[in-house]
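Chain residues, written in single-letter form:
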Amino acid sequence: MTSSEGTGATSMRTGRCGELGVADVGRKVRLCGWVAHRREHGEHLAFVDLRDHSGLVQCVVDGTVDIRSEYVVRIEGTVRRRPEGMENPALSTGEVEVGDCTVEVLNPAEPPPFVVEDRAEVDEAVRLRYRYVDLRRPRLQRNLRLRAAVCGAIRRAMDRQGFCEVETPLLWAPTPEGAREFAVPSRLHQGSFYVLPQSPQLAKQLLMVGGMDRYYQIARCLRDEDLRADRQFEFTQLDMEASFVTRDDVLGFVSEAVLDAAEAVTGERPATIERMSWENAIDRYGTDKPDLRAGPPLADLTGVFDGTAVRAFQAPAVKGLRVEGGGGTSRARLDALTERAKALGAKGLAWFRVVERDGAVALDSPLDRHLGDAERGGLLAAAEAAAGDLVLAVADEHRTSCAVLGQLRLEVAGRPVGEGPHRYVWIVEFPMFDGMDAAGNPVIAHHPFTMPHGDDLDLLTADPLAVRSEAYDLVLNGWELGSGSIRIHRADIQARVFAAMGMTAEEAEARFGFLMGAFRYGAPPHGGFAFGVDRLVAILAGEESIREVIAFPKTQSGADPLTGAPKPVAPSSLAELGIRVVAPAPNPPPGQG
Ligand code: ASP
C-alpha cells in the first residue's frame with residue numbers, strides 16, 4: 001500500500017479531483033470526494049461535479065445515479081477533453097471531464113444545512129453549528145492551508161536562527177498581563193486553582209535563566225476577554241525569547257519570521273519593516289497602531305496658529321488632516337464629521353475645502369475670513385494640500401487633537417484590514433506606564449517584566465508617567481500583531497517596578513517570589529516578543545475576522561454551537577472538585593422587577 005503526498009494518491013484513489021488537466025487526457029482515474037452538484041440530462045446521462053479539498057471536476061455518467069449533494073463517493077472513469085464550447089474557465093479542471101464513469105457510494109448524506117459554496121451567505125451561528133460542513137468550502141480550505149504554510153515558514157525561520165522549540169505548561173499560575181484568566185479547579189488540591197496561561201511569559205523567562213539561550217513556541221494563549229473580530233478566548237502566538245540580546249536583535253529575529261511567513265504565502269518578500277517611535281506614532285497618527293495605508297499622516301499646524309486671533313485655534317496643539325480629493329465633501333457630511341469629532345472628545349472640527357479661485361488656491365470654509373494670509377499659506381503648506389483636497393483641523397490638548405483626527409483619518413480613508421498592501425511597522429520606545437488607576441497607581445503599559453529605560457529608574461516613584469521602557473510592538477495595517485520587550489533580569493529592579501505599581505513587598509513575594517528567586521540564581525539579560533499568528537494569517541488571507549482562519553472558533557458570545565460548550569458538568573464531577581455552583585438568580589416573573 002502506498003500513499004503519496006505529492007499526487008494525493010492512496011490505496012483508494014489515483015489522485016486529487018482539482019488537479020486534473022489536459023495532460024491527463026486518456027488516463028484512467030479513480031477519484032474520491034463529495035458530490036457538489038448533480039444534473040440529469042434525460043434518462044441516459046448525468047453530470048456529477050465531484051469535489052475534494054483541491055477543487056472540482058466534472059464527471060459524466062451514462063445512465064442515472066442515485067446520489068445527492070454531499071454524498072461521499074468514489075468515481076472511476078477516463079479523463080477526456082470537454083467538447084468544444086463546453087469548457088469552463090472558472091474551474092481549474094475546466095478543460096477536461098471524466099467520462100464513462102462508474103459511481104460507488106461510500107457513504108450517503110443527509111441534505112446539507114447550507115450549500116457548500118463560497119458564494120452562499122450563511123448565518124455564522126449556523127456555519128459554526130455545522131463547522132464540519134462549512135470547512136468543506138474553498139475559502140476555509142484555503143485559509144487553513146495558508147495558516148499551516150505560515151506556521152511552517154515561522155518554524156523554519158526560527159530553527160534557522162538557532163531557536164529551540166520548547167513546550168511550556170498549560171496548567172500554570174496567574175501572570176498579570178492585564179487580561180482576565182481562565183481558572184481550572186484542582187481535584188487533588190480542592191479549593192485551589194491552576195490558571196490557563198495568558199502567554200508563556202514567565203515560563204520563557206525561566207527558560208532563559210535555565211540557559212536555553214533562544215526559545216520559541218507556536219503557543220496557545222488563553223484570555224477570558226470579550227470577543228471581537230480580532231480576539232478569541234484562545235489564540236496562537238509565535239512566542240520567543242533570547243538571552244544576551246538588545247532590542248535590535250529581537251526585532252531582527254522576529255522580522256525574519258514575519259517576512260518569511262508573508263513571502264511563503266504571497267510569493268513576495270515585504271520590504272524591511274520600518275520603525276517609528278511611540279511618540280511619533282501618536283503625534284502623526286493619533287494611535288500606537290497606525291494604519292499606514294490610510295492616507296497621509298497628521299500635519300502639525302500648532303506653529304501656524306501660534307499667536308492666532310482665531311479663538312478656535314487658541315489651544316496647546318492644532319493638528320490637521322489632509323483628505324486627498326476630499327474638496328467636494330458635502331456640507332451634510334462635514335456636519336456629520338464635526339459631530340463625530342465632538343463625540344470623540346474634541347470641542348469642534350474646523351474644515352477647509354481647498355479650491356481654485358481666480359487662478360489661485362483658496363480656502364472654502366466659514367473660518368476663512370478670520371484667517372490671516374500667513375495662516376492660510378501656512379495651513380496649506382503644512383498640510384501639503386492642493387486644490388481639490390479637504391483639510392480637517394482639531395485644536396485641543398495634544399493627545400486629544402491627535403487621537404480625534406487619527407480616528408477621523410481612519411473613518412474617511414480607512415480600508416478593510418485584509419486589503420492590500422500590507423504595511424508593517426515597528427513601534428518602539430513605549431512609555432512604561434499608560435496613566436493612573438483609580439487608586440492612584442500607575443498602570444503598566446506592557447507588562448511588569450519589561451525593563452524600564454536605564455536612565456529613568458529613579459523616576460519610577462518620583463514621576464512614573466515619564467519613565468520610558470524597553471518595549472516595542474509590531475503593527476500591520478492598523479492591527480497590533482504583537483508586543484515584546486527587553487526584560488528585567490535583576491530581582492532588585494523587579495521589586496522596584498512592583499512597588500511603583502503599588503504592590504506591597506509581601507504581595508510581590510506571594511505572587512512572583514518564584515521569579516525573583518530565579519533572578520537571584522544567575523539570570524542573563526534577555527528579551528523577547530510574541531505575535532498573533534491568527535491575526536497575521538487573517539490579514540494575509542484577506543479576511544476581516546480571525547474566526548475565518550481558525551478551524552473551530554467560538555461565537556462572539558464565547559459559545560461553541562457545535563459542541564454546546566460551555567456546559568454544566570455532572571454533579572459528581574463537581575463533588576470531586578469540591579465545587580458548589582451558586583446558581584444564577586432566577587429571572588423575576590413577568591411584570592415584576
Ligand atoms: N507575553 C507578551 C504577550 O503575550 C509578549 C511578550 O512580551 O513577549 O503579549
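About the cut-offs
Residues numbered from 1 in each chain as written. Predicted model: local features only at pLDDT ≥ 70, side-chain atom pairs only at ≥ 80, totals over all residues. Heavy atoms only, no water. Axes fitted to C-alpha atoms, helices over the stretch in contact; angles between N-to-C directions. Helix = DSSP H or I, 4+ residues; strand = E, 2+ residues; numbered from the N terminus. Parallel < 35°, antiparallel > 145°, perpendicular 65-115°, else oblique. Left-handed = near helix turned anticlockwise from the far one by under 90°. Contact = heavy atoms within 4.5 Å. Nonpolar A, V, L, I, M, F, W, Y, C, P; charged D, E, K, R; others polar. 1 Å grid on protein atoms, 1.4 Å probe; cavity = no way out; pocket = protein on both sides within 12 Å on 5 of 7 lines; lining within 4 Å. Points joined across faces, edges and corners; volume = space filled by probe spheres on them. Near = heavy atom within 4 Å. Polar contact = N/O pair within 3.5 Å; in protein donor to acceptor, adjacent residues only side chain to side chain. Areas by Shrake-Rupley, 256 points an atom, 1.4 Å probe, with all protein chains shown as cover. Core = buried A, V, L, I, M, F, W, Y, C linked by side-chain atoms within 4.5 Å. Buried < 20%, exposed > 50% of the residue type's maximum accessible area, 1.4 Å probe, protein only. Phe/Tyr/Trp six-rings, centres within 6.5 Å; stacked < 30°, edge-to-face > 60°. Lys NZ or Arg CZ within 6 Å of the ring centre and 35° of its normal. Pairing = 2+ DSSP bridges. Salt bridge = Lys/Arg side-chain N within 4 Å of Asp/Glu carboxyl O.

## Brief notes about the packing of helix 3 (residues 138-160) against helix 13 (residues 533-540)
- Close contact between helix 3 and helix 13 brings their axes to 10 Å; oriented N to C, the two are set at 125 degrees. One finds that helix 3 runs oblique with respect to helix 13. Our pair here, helix 3 against helix 13, has a crossing hand that is right-handed. Together, Asn-143, Leu-146, Arg-147, Val-150, Cys-151 and Ile-154 of helix 3 and Val-533, Asp-534, Leu-536, Val-537 and Leu-540 of helix 13 make up the contact between the two elements.
- Residue classes in the contact of helix 3 with helix 13 are distributed as eight nonpolar, one polar and two charged.

## Let's talk about the side chain of Glu-70
- If you trace the backbone, Glu-70 turns up in the loop between strand 3 (55-62) and strand 4 (72-81).
- Excluding its chain neighbours within four sequence positions, the residues that come into contact with Glu-70 are Trp-34, Val-35, Arg-51, Ala-109, Pro-112, Val-116 and Arg-136.

## Some words on the layout of surface pockets
- Roughly 520 Å³ of internal volume is contained in the second largest pocket.
- What lines the second largest pocket is a set of 20 residues, among which Arg-51, Leu-56, Val-116, Arg-136 and Pro-138 lie closest to the centre.
- Contributions of two or more residues to the lining of the second largest pocket are made by strand 1 (28-41), strand 2 (45-52), strand 3 and helix 3.
- Sorting elements by how many residues they give to the lining of the second largest pocket places helix 3 first, with four residues.
- Tallied by class, the residues present in the lining of the second largest pocket amount to six nonpolar, five polar and nine charged.

## So, the site of the ligand
- Every one of the 13 residues lining the ligand counts as a neighbour, but Gln-201, Lys-204, His-446, His-447 and Arg-487 are closest to it.
- For the ligand, a nitrogen atom lies 3.0 Å from a polar atom in the side chain of Ser-199.
- His-446 has a polar side-chain atom sitting 3.0 Å from an oxygen atom of the ligand.
- In isolation the ligand has 270 Å² of accessible area, and contact with the protein removes 95% of it.
- Contributions of two or more residues to the shell around the ligand are made by helix 4 (201-209), strand 21 (479-486) and strand 22 (526-532).
- Tallied by class, the residues present in the shell around the ligand amount to two nonpolar, seven polar and four charged.

## Considerations on the nonpolar core
- Core analysis: the largest hydrophobic core is formed by 73 residues, its most contacted members being Ile-154, Leu-238, Met-240, Tyr-424, Phe-529, Phe-531 and Leu-536.
- With nine residues, the single largest contributor to this core is helix 5 (residues 247-266).
- Ranked by size, the runner-up nonpolar core spans 20 residues in total, among them Cys-17, Leu-31, Ile-67 and Val-98.

## Details of the packing of aromatic side chains
- Applying the stated criterion to the full structure yields 10 aromatic pairs.
- Residues Phe-182 and Phe-233 carry aromatic rings whose centres are separated by 5.2 Å and whose planes lie at 80 degrees to one another, so their mutual orientation is edge-to-face. Residue Phe-182 is found in the loop between strand 6 (164-165) and strand 7 (183-185), and its partner Phe-233 is found in the loop between strand 9 (214-222) and strand 10 (234-243); the two are separated by 51 residues along the sequence.
- Between Phe-449 and Phe-498 the ring centres are 6.4 Å apart and the planes differ by 85 degrees, which places this aromatic pair in the edge-to-face class. In this pair, Phe-449 sits in the loop between strand 19 (442-444) and helix 10 (459-462) while Phe-498 sits in helix 11 (residues 491-500), placing the two residues 49 residues apart along the sequence.
- On the basis of relative accessible area, Phe-449 is assigned to the buried category, the value being 0%.
- An aromatic cluster of three or more residues is present, and its members are Phe-305, Phe-313 and Phe-352.
- The lysine or arginine in question, Arg-129, covers the ring of Tyr-130, its NZ or CZ lying 4.6 Å from the ring centre.

## Overview of the sheet that holds strand 15 (residues 360-364)
- Strands sit in the order 12-13-16-14-15 across an open sheet of five strands; the sheet is antiparallel. Edge positions in the sheet fall to strand 12 (299-300) and strand 15, since each has one partner strand and no second.
- Inspection of the sheet shows strand 14 (residues 350-357) paired to strand 15 by five bridges, in the antiparallel sense. Paired with Val-355 across the two strands is Ala-362, which belongs to strand 15.
- With respect to the sheet, helix 8 (residues 373-383) is in contact with strand 12, strand 13 (317-323), strand 14, strand 15 and strand 16 (390-396), its orientation differing from that of strand 15 by roughly 100 degrees.
- Each of strand 13 and strand 16 is contacted by helix 9 (residues 398-413), which is oriented at about 10 degrees to strand 13, the strand it contacts most.

## As for the sheet that holds strand 6
- Ordered in space as 6-9-10-22-21-20-17-11, the eight strands form an open sheet in which the pairing is mixed. Either end of the sheet is taken by a strand with one partner, and the two such strands are strand 6 and strand 11 (274-277).
- With five bridges joining them, strand 17 (residues 424-428) and strand 20 (residues 471-476) adopt antiparallel strand pairing. Directly across from Ile-427, in strand 20, lies its bridge partner Asp-473.
- Strands strand 6, strand 9, strand 10 and strand 22 of the sheet are contacted by helix 3, whose axis makes an angle of about 150 degrees with strand 9.

## What about the pairing of strand 3?
- Here strand 3 lies mainly inside the structure; six of its eight residues are buried.
- As paired elements, strand 2 and strand 3 share eight bridges and run antiparallel to each other. Pairing of Ala-46 across the sheet is with Val-61, part of strand 3.
- The hairpin formed by strand 2 and strand 3 contains two residues between the paired strands.

## A look at the pattern of salt bridges
- Across all of its chains, the model carries 53 salt bridges by this definition.
- In this structure, Glu-548 engages Arg-139 in a salt bridge whose closest nitrogen and oxygen atoms are separated by 3.5 Å. In this pair, Glu-548 sits in the loop between helix 13 and helix 14 (571-577) while Arg-139 sits in helix 3, placing the two residues 409 residues apart along the sequence.
- On the accessibility criterion, Glu-548 (7% relative accessible area) is buried.
- A salt bridge links Arg-214 to Asp-213; the shortest N-O distance between them is 3.9 Å.
- Members of the salt-bridge network, linked through shared partners, are Arg-127, Arg-131, Asp-134, Arg-137, Arg-139, Glu-543 and Glu-548.

## As for the pairing of strand 13
- The buried fraction of strand 13 amounts to seven of the seven residues, a majority that puts the element mostly inside the structure.
- Sheet topology places strand 12 next to strand 13; two bridges connect them, and they run antiparallel. Among the inter-strand pairings, Asp-300 is bridged to a residue of strand 13, identified as Lys-319.
- One ladder, built from seven bridges, connects strand 13 with strand 16; its direction is antiparallel. Bridging across to strand 16, Ala-317 finds its partner in Asp-396.

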